Protein chains: 2
Amino acid sequence: MRYCFGVDIGGTTVKMGLFSTEGDILDKWEIPTRTENEGEAILPDAADSILKKIEERNISDEEVQGVGVGIPAPVDAEGVVQSTANLGWGYKAVKAELQCLLGGIRVEAGNDANVAAMGEMWLGAGRGEKNVVMVTLGTGVGGGIVIDGSMLVGETGAGGEIGHMCVKRDEVETCGCGLHGCLEQYASATGIARLARKRLEADDAETVLRGTRPSAKTVFDAVKAGDIVAIEIAEEFGVYLGEAMANLAVIVNPAVIVIGGGVSKAGEVLLPFIEKPFKKRAFFADKKTRFVLAELGNDAGICGAARLILS
Amino acid sequence: MRYCFGVDIGGTTVKMGLFSTEGDILDKWEIPTRTENEGEAILPDAADSILKKIEERNISDEEVQGVGVGIPAPVDAEGVVQSTANLGWGYKAVKAELQCLLGGIRVEAGNDANVAAMGEMWLGAGRGEKNVVMVTLGTGVGGGIVIDGSMLVGETGAGGEIGHMCVKRDEVETCGCGLHGCLEQYASATGIARLARKRLEADDAETVLRGTRPSAKTVFDAVKAGDIVAIEIAEEFGVYLGEAMANLAVIVNPAVIVIGGGVSKAGEVLLPFIEKPFKKRAFFADKKTRFVLAELGNDAGICGAARLILS
């Protein structure tokens, strides 16, 4: 049997998984992320944990195919990050350093959003496909793109930053990135709450959302209950996201677009709101692109990281 | 010495080139494209011409590394086209068929716009880079994308169809593809002429373009002469193209964007009109993306086709 490890480094915990190269998850565990002292302990801690697991399970050196790592920052093709917001790192040659700590075991590293897309391709909603886009609708809008089975990394590791496509040229409010009209301002959980507040302010239409502090969750709960105003809000969200995905598809021509993140917990009700405007605006060659919900949840990171070793 | 051939199949002629694998163009020639009978002679003609050249130059079998082909249609990862507008072909397994006609010499095939991007990366304006976008401003707007040294083909071979990104949601006129507001409607030679006509109709401002039938060429000639109205037209063109490139860069994170096609013959004067709105709208990680003019002209196709063999 041959094994690979997937490591998903987050700001609070480092998630880890042991996989067979056939794609069975054999073990899952996590350790705290020690970000103090510029995060100097993070990679040594991860290496120790992996080496301990190898010993525990009596896995021989030849059976370990490698260790993949997902990092919440742009990662270039050489596995180097320039800085991270949450880990305390400045410049760090993650791939080289971890490989050294692991006594020469092969290491591959990637941005966490791209890695999650690899995970969904390998073991989740994109199974069997080679051209997969993953859109993560959380506090922000993250994106990961897989082309012909490999991550679209880009020149500086910033490929797939879908959340910062401009979808509204005349927006006056500023996105977290400093630009105006980014997809993230309309399609993230925060963005949907903002659309909802604006809709409620626009008139006095009756809705269960009235008098509440609407969130993405309460909006889609109201959609499920048939609330007309909530449906209008969901339609507005869907036009922004669906049309952006049509522009993305013209460039990337994916087989499938996987919708993940907290907002996707709304379930299947979400998809038609995105699909309808997508279909209307899609270039003929992209009309067959499918939309599906993510399947792996928090495991997408460890799965995709492990998958990096199989490319 | 090792050799590769580049074949660029167009509607009128098939351009061919013999290259050393180091990138020297050793020979260039062309043959007519015989499109009659569903284009059945096109590949046999090309194969005959290549085999004749191999004989002429006394090249041994072992010295031929392969033959790359660019085709004016979507080409999937297996080198198959479903149909072509200009060659008469329906479904054709180009890679397999030409490989057979050449007695087993390795063949790779790609879409002509993607192939041209590979050419500019190898021997033209993108030399030394691995993440290259090429935008061809001709009758339409074509696009080719190279990621980490490989063409972005996509699921059905329709990756990089940049001309059909939506840049104006409320456009009433229809693009050739049936959609509304495609980049091609503003940034192609035809699109620039249309912007010029609309600008002239808008008021009576004095311009050398008044009373003429403006074209992309006459607009940029007038720009060079300092014509204020022509500069306004170029600015409008530049905003559409520059902002579209900012959205593209967010997805692809290229090192360089190569501007080619007939419109690019205007020369360096073109670039600031695109760069300024690009820089204004670009995501921080993409601010360093450079814009350059294509260098290979009509040779981009044979160069990029030959380069396919070296991947």
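Computed from a predicted model, the values in this text were never measured in an experiment. (Residues numbered from 1 in each chain as written. Chains lettered and ligands numbered in written order. Predicted model: local features only at pLDDT ≥ 70, side-chain atom pairs only at ≥ 80, totals over all residues. Heavy atoms only, no water.)

### What about the pattern of salt bridges?
All names here are of chain A.
- Scanning the model with the defined rule gives 36 salt bridges over all chains in all.
- A salt bridge links Glu171 to Arg194; its shortest N-O distance comes to 3.3 Å. Remark: Arg194 occurs in helix H6 (residues 189-202) and Glu171 occurs in the loop between strand E10 (150-151) and helix H5 (184-187); sequence separation between them is 23 residues. Comparing Glu171 with Arg194 shows no difference in burial state: the two are buried. (Salt bridge = Lys/Arg side-chain N within 4 Å of Asp/Glu carboxyl O. Helix = DSSP H or I, 4+ residues; strand = E, 2+ residues; numbered from the N terminus. Buried < 20%, exposed > 50% of the residue type's maximum accessible area, 1.4 Å probe, protein only.)

### With respect to the interface of chain A and chain B
- The partner chain B presents 39 residues to the 39 residues of chain A that form the contact.
- A buried area of about 3200 Å², summed over both sides, lies between chain A and chain B, and 56% of it is on carbon and sulfur atoms.
- Remark: the boundary between chain A and chain B carries 2 salt bridges.
- Note that A:Glu243 is salt-bridged to B:Arg169, the shortest N-O span being 2.7 Å.
- Between chain A and chain B we count 22 residue pairs in polar contact (both at pLDDT 80 or more) in total.
- Taken together, the elements giving at least two residues each to the side of chain A that touches chain B come down to strand E9 (141-147), helix H8 (228-252) and helix H9 (270-281) of chain A.
- In terms of residue count, the dominant contributor to the side of chain A that touches chain B is H8(A) (7 residues).
- Counted by class, the side of chain A that touches chain B contains 21 nonpolar, 11 polar and 7 charged residues. (Contact = heavy atoms within 4.5 Å. Buried area = accessible area lost by both parts, 1.4 Å probe. Polar contact = N/O pair within 3.5 Å; in protein donor to acceptor, adjacent residues only side chain to side chain. Nonpolar A, V, L, I, M, F, W, Y, C, P; charged D, E, K, R; others polar.)

### Let's talk about the sheet that holds strand E2 (residues 13-20) of chain A
Residues and elements named next belong to chain A.
- Pairing in this open sheet of 5 strands is mixed, and the strands run E3-E2-E1-E4-E7 from one edge to the other. Where the open sheet ends on each side, the last strands, each with one partner, are strand E3 (25-32) and strand E7 (107-111). Each strand axis lies, on average, 15° off the axis of its neighbour in the sheet, ignoring direction.
- Summarising the sheet, strand E1 (residues 3-9) and E2 pair through 7 bridges and their orientation is antiparallel. In the strand pairing of E2, Cys4 is matched with Phe19.
- Docked against the sheet, helix H3 (residues 94-101) engages strand E4 (64-71) and E7, running at close to 145° with respect to E7.
- Running over the sheet, helix H10 (residues 300-308) touches E1, E2, E3, E4 and E7 and is turned about 130° from E1. (Pairing = 2+ DSSP bridges. Axes fitted to C-alpha atoms, helices over the stretch in contact; angles between N-to-C directions.)

### What about the pairing of strand E7 (residues 107-111) of chain B?
Residues and elements named next belong to chain B.
- By the criterion of burial, E7 is predominantly enclosed, with 5 of the 5 residues buried.
- Pairing of strand E4 (residues 64-71) with E7 involves 5 bridges; the strand directions are parallel. Across the sheet, Gly68 pairs through a bridge with Glu108, a residue of E7.

### Remarks on the pairing of strand E1 (residues 3-9) of chain B
Residues and elements named next belong to chain B.
- Of all 7 residues in E1, 7 are buried; the element is thus mostly enclosed.
- Where E1 folds back on strand E2 (residues 13-20), the antiparallel hairpin that results is connected by 3 residues.
- Sheet topology places E1 next to E4; 6 bridges connect them, and they run parallel. If you follow Gly6 over to E4, its bridge partner there is Gly68.

### A short note on the sheet that holds strand E8 (residues 132-137) of chain A
Residue and element names in this part refer to chain A.
- Ordered by their spatial adjacency, 5 strands build an open sheet running E10-E9-E8-E11-E12, and the pairing between neighbours is mixed. Each edge of the open sheet carries a strand with a single partner, namely E10 and strand E12 (290-293).
- Looking at chain direction, E9 and E10 are connected through 2 bridges and run antiparallel. Paired with Val146 across the bridge in E10 is Met151.
- Sitting on the sheet, H8 is in contact with E8, E9, strand E11 (256-260) and E12, with an inclination near 155° to E8.

### Side note on the packing of helix H7 (residues 216-224) of chain B against helix H8 (residues 228-252) of chain B
All names here are of chain B.
- Two elements in contact, H7 and H8, have axes separated by 8 Å at closest approach and are oriented at 120°. As the angle between them shows, H7 and H8 are arranged oblique. The chirality of how H7 crosses H8 is left-handed. From H7, Val219, Phe220, Ala222 and Val223 reach across to H8, where they touch Ala230, Ile231, Ile233, Ala234 and Phe237.
- Taken together, the residues of the contact of H7 with H8 sort by class into 9 nonpolar, no polar and no charged. (Parallel < 35°, antiparallel > 145°, perpendicular 65-115°, else oblique. Left-handed = near helix turned anticlockwise from the far one by under 90°.)

### Re the packing of aromatic side chains
- Tallying each qualifying case throughout the model produces 14 aromatic pairs over all chains.
- With a centroid separation of 4.1 Å and 20° between ring planes, the pair formed by A:Tyr186 and A:Tyr240 is classed as stacked. With a gap of 54 residues between them, A:Tyr186 in helix H5 and A:Tyr240 in helix H8 connect regions that are remote in the sequence.
- We classify A:Tyr240 as buried; its relative accessible area is 12%.
- Where B:Phe278 meets B:Phe291, the ring centres are 4.9 Å apart and the plane angle is 75°; that geometry is what we call edge-to-face. (Phe/Tyr/Trp six-rings, centres within 6.5 Å; stacked < 30°, edge-to-face > 60°.)

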